[in-house]
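This is what each chain is made of:
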Amino acid sequence: MILIFCCFGFLFKNNKNIVVAYILIVCFSILGFVLVVVSTKKSSDNFTYSVKAEENINSAQLWIGYSSDLESCKEDGSCSTFTNSMGQYAVIDEVIFNDKIWIGKADGTLISCNSKKECINHGKQCSSRVDSMAVFDNKLWLGCYLGVLKSCDASGVCTDHGQPKNAGQYIPGADWYGFAIRHMEIFNNQLWLGMGFGFLMSCNSAGECTDRGRYATDVTPPLSSGDDIYSMAVFDNKLWLGHRGLGYMQSCDNQANCTDVYDPGHMIASMVVFNNKLWLGLSNGDIKKCDNTGNCVHYVGCDRAGDCNENIIDSHTSSIYTMTSFNDKLWFVSEGGFTRSAFLFNCNSNDVCSSIRQYDSSVVHPYVISAGSLPGLEVDEENTIVCEDS
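This structure is a prediction, so every number in the text was calculated from the model and none was measured.

The rules behind each value
- Here the residue index of a chain counts from 1 through its sequence in written order.
- For this predicted model, a pLDDT threshold of at least 70 governs which residues receive local features, and a threshold of 80 or more governs which side-chain atom pairs are given and counted, while totals over whole chains, interfaces and linings are taken from all residues.
- To obtain the side-chain values, all non-hydrogen atoms of the structure were included, while hydrogens and water were left out.
- Any pair of Phe, Tyr and Trp rings, taking the six-membered ring for Trp, is counted once the centres come within 6.5 Å. Such a pair is stacked with planes under 30 degrees apart, edge-to-face with planes over 60 apart, and tilted for the rest.
- Whether a charge sits over a ring depends on NZ of Lys or CZ of Arg being within 6 Å of the ring centre and within 35 degrees of the ring normal.
- Only strands that DSSP links by at least two bridges are regarded as paired with each other.
- Secondary structure follows DSSP: runs of H or I at least 4 residues long count as helices, runs of E at least 2 residues long count as strands, and numbering of each begins at the N terminus.
- Convention adopted: a line fitted to C-alpha atoms gives each axis, helices being fitted over their contacting stretch, and angles between N-to-C directions are expressed from 0 to 180 degrees.
- Residues belong to one nonpolar core when they are buried, are Ala, Val, Leu, Ile, Met, Phe, Trp, Tyr or Cys, and are joined through side-chain atoms within 4.5 Å.
- Partly exposed residues are those whose accessible area sits between 20% and 50% of the maximum for their type, while under 20% is buried and over 50% is exposed, using a 1.4 Å probe and protein chains only.
- For the charge count, each Lys or Arg is scored as positive and each Asp or Glu as negative, with His and the chain ends excluded.
- We define a salt bridge as a contact between a side-chain nitrogen of Lys or Arg and a carboxyl oxygen of Asp or Glu at a distance within 4 Å.
- Whether two residues are in contact is decided by their heavy atoms, any of which lying within 4.5 Å being enough.
- We call a pair of cysteine sulfur atoms a disulfide whenever their separation is within 2.5 Å.

1. Some remarks on the packing of aromatic side chains
Next, step 1: Tallied over the entire structure, the rule returns eleven aromatic pairs.
Next, step 2: Aromatic side chains F235 and W240 sit 5.9 Å apart centroid to centroid with 50 degrees between the ring planes, which places their arrangement in the tilted category.
Next, step 3: Within the aromatic cluster, the residues linked to one another by ring pairs are F274, W279 and Y299.
Next, step 4: Lying across the ring of Y145, R129 places its NZ or CZ 4.1 Å from the centre.
Next, step 5: Note that R214 overlies the ring of F199, its terminal NZ or CZ placed 6.0 Å from the centroid.

2. Here's the deal with the sheet that holds strand 3 (residues 70-73)
Next, step 1: An order of 4-3-2-30 is seen for the four strands of this open sheet, with the pairing classed as antiparallel. The open sheet has two edge strands with one neighbour each: strand 4 (79-83) and strand 30 (368-373). Put simply, the sheet's adjacent strands are angled 30 degrees from each other on average, direction ignored.
Next, step 2: In terms of strand pairing, strand 3 meets strand 4 through four bridges, oriented antiparallel. Paired with C73 across the bridge in strand 4 is C79.

3. A look at the nonpolar core
Next, step 1: Among the nonpolar cores identified, the biggest contains 15 residues, and W279, I287, Y299, I320, M323, L330 and F332 are the most heavily contacted of them.
Next, step 2: The set of elements that each furnish at least two residues to this core consists of strand 21 (268-274), strand 24 (296-302), strand 26 (319-326), strand 27 (329-335) and strand 28 (341-347).

4. A few points about the side chain of K105
Next, step 1: Mapped onto the fold, K105 is located in strand 6 (residues 100-105).
Next, step 2: Buried charged residue K105 carries no salt bridge. Nearest counter-charge: D107, at 6.0 Å.
Next, step 3: Sequence-distant contacts of K105, defined by excluding residues within four places in its chain, comprise S67, S68, M86, G87, Y89, A90, V91, I92, I111, R129 and V130.

5. Notes on the pairing of strand 8 (residues 119-124)
Successive residues of a regular strand alternate their side chains across the two faces of the sheet.
Next, step 1: Pairing of strand 7 (residues 109-113) with strand 8, which is carried by four bridges, proceeds in the antiparallel orientation. Bridging from a neighbouring strand, S112 pairs with I120 of strand 8.

6. Overview of the state of the cysteines
Next, step 1: The final tally for this structure, using the stated rule, is eight disulfides.
Next, step 2: The side chain of C73 participates in a disulfide bridge whose partner is C79; the two sulfur atoms lie 2.0 Å from each other. One quick way to see it: the torsion about the S-S bond of C73 and C79 is about 105 degrees, and its sign makes the bridge right-handed.
Next, step 3: Residue pairing for C152: its cysteine sulfur links by disulfide to C158, the two sulfurs lying 2.1 Å apart. One quick way to see it: the torsion about the S-S bond of C152 and C158 is about 100 degrees, and its sign makes the bridge right-handed.
Next, step 4: Since its relative accessible area comes to 1%, C152 is described here as buried.

7. Section: unusual backbone geometry
Next, step 1: You will see that K117, though not glycine, has its phi angle at about 65 degrees, which is positive.
Next, step 2: The partly exposed category is assigned to K117, whose relative accessible area is 41%.
Next, step 3: Positive phi outside glycine occurs at D351, with the angle close to 65 degrees.

8. Some details on the sheet that holds strand 29 (residues 353-360)
Next, step 1: Ordered in space as 26-27-28-29, the four strands form an open sheet in which the pairing is antiparallel. Strands with a single pairing partner mark the edges of an open sheet, and in this sheet they are strand 26 and strand 29. With direction set aside, neighbouring strand axes in the sheet form an average angle of 20 degrees.

9. What to know about the environment of H365
Next, step 1: Within the secondary structure layout, H365 lies in the loop between strand 29 and strand 30.
Next, step 2: The buried category is assigned to H365, whose relative accessible area is 11%.
Next, step 3: Sequence spacing of H365 and Y66 is 299 residues, and the spatial spacing of their C-alpha atoms is 5.6 Å.
Next, step 4: For H365, the contacting residues outside a window of four places in its chain are G65, Y66, S67, Y321 and E335.

10. What about the pairing of strand 15 (residues 199-203)?
Next, step 1: Summarising burial for strand 15: five of the five residues are buried, a large majority.
Next, step 2: Going residue by residue along strand 15, you find F199, M201 and C203 tucked away on one face and L200 and S202 tucked away on the opposite face as well.
Next, step 3: Sheet topology note: the strand 14 (residues 190-195)/strand 15 ladder contains four bridges and is antiparallel. In the sheet register, L191 faces strand 15, and the bridge partner there is C203.

11. Considerations on the pattern of salt bridges
Next, step 1: Enumeration according to the criterion identifies six salt bridges in this entry.
Next, step 2: One salt bridge connects D228 with R244, and the closest N-O pair in it is separated by 3.4 Å. Here D228 is found in the loop between strand 16 (209-214) and strand 17 (229-235), whereas its partner R244 is found in the loop between strand 18 (238-243) and strand 19 (249-252), with 16 residues between them in sequence.
Next, step 3: Judged by its relative accessible area of 1%, D228 falls in the buried class.
Next, step 4: Taken together, the shared-partner salt bridges connect R129, D131, R182, D228 and R244 into one network.

Encoded structure:
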């Protein structure tokens, strides 16, 4: 009110039109600014504003699949249950697709969950286990234990592409599970299938597949499940194959010209690219670190007590059956053989490995770990920023 009185008092003394208009504009502009400041101050006295840290909302998570549970973990290894309503069968594989996490189960069931932890059961898509999953050409692809290939849209409606490899095609009476699609990898704009008995196939976005031949130590009958292509990775513009029983590794170009490069003597249960190296998890508890020529060196070994260090070699008491790269660390699960224990580990770029968790495998068993960002996943309260008036 004092401001208004002063303004009009000045106007009565200076009655020229231009001066009057100018003074009116200035006076009311100042008045408006004062009112906004007072209003804002009053509002901040009555309300507290909260905002979630944006960088945490879409940050990558470490995902651990169990028998009936799925956990999401932070970069420090602390985990919380994402969902425990998936039934009794184990989580075999998991991928992020269309802003959801999709879970393939041991009974062939496909489940999807959004960031609000709302899950949909899409039914039994494989007559037996969902052995492998991949995202290719904006579709979710399922590799079934019986060799059936399927592709699914964002709503979970799946198309059956049949069996790329017909069981019994090469050997009459071959095991019915022999052509299982053990692993899938995207390479050279195609979906590559690592299958039972060492068969390799590549498929286009329509699900039309090309037989790339059999890659095994002995290409003549009888077929052996020990030749299964059990793990795969793309590294240095090549496709790398890890085999099951005999444990040898091959590198392949985009025409599937494959070369034997390394034989660790044990099953290559898992394979991942980390820190510009190819890492192999073996069935005897060893981890190997390999360069782009296939030259591999011993990294660490893990014993049944959950100790992993460079001095443990060929322990035969553990198995590194799942690995992933997350938060600039190598994460893996070591299963402790007859002790019925499993351990979650990570190793940093300085080769320092730490045991994060121990599991009683007779109660809960981690089957698969992966890393991926689920957009919109709510952060915990401890990651909430509260802005208050000081």
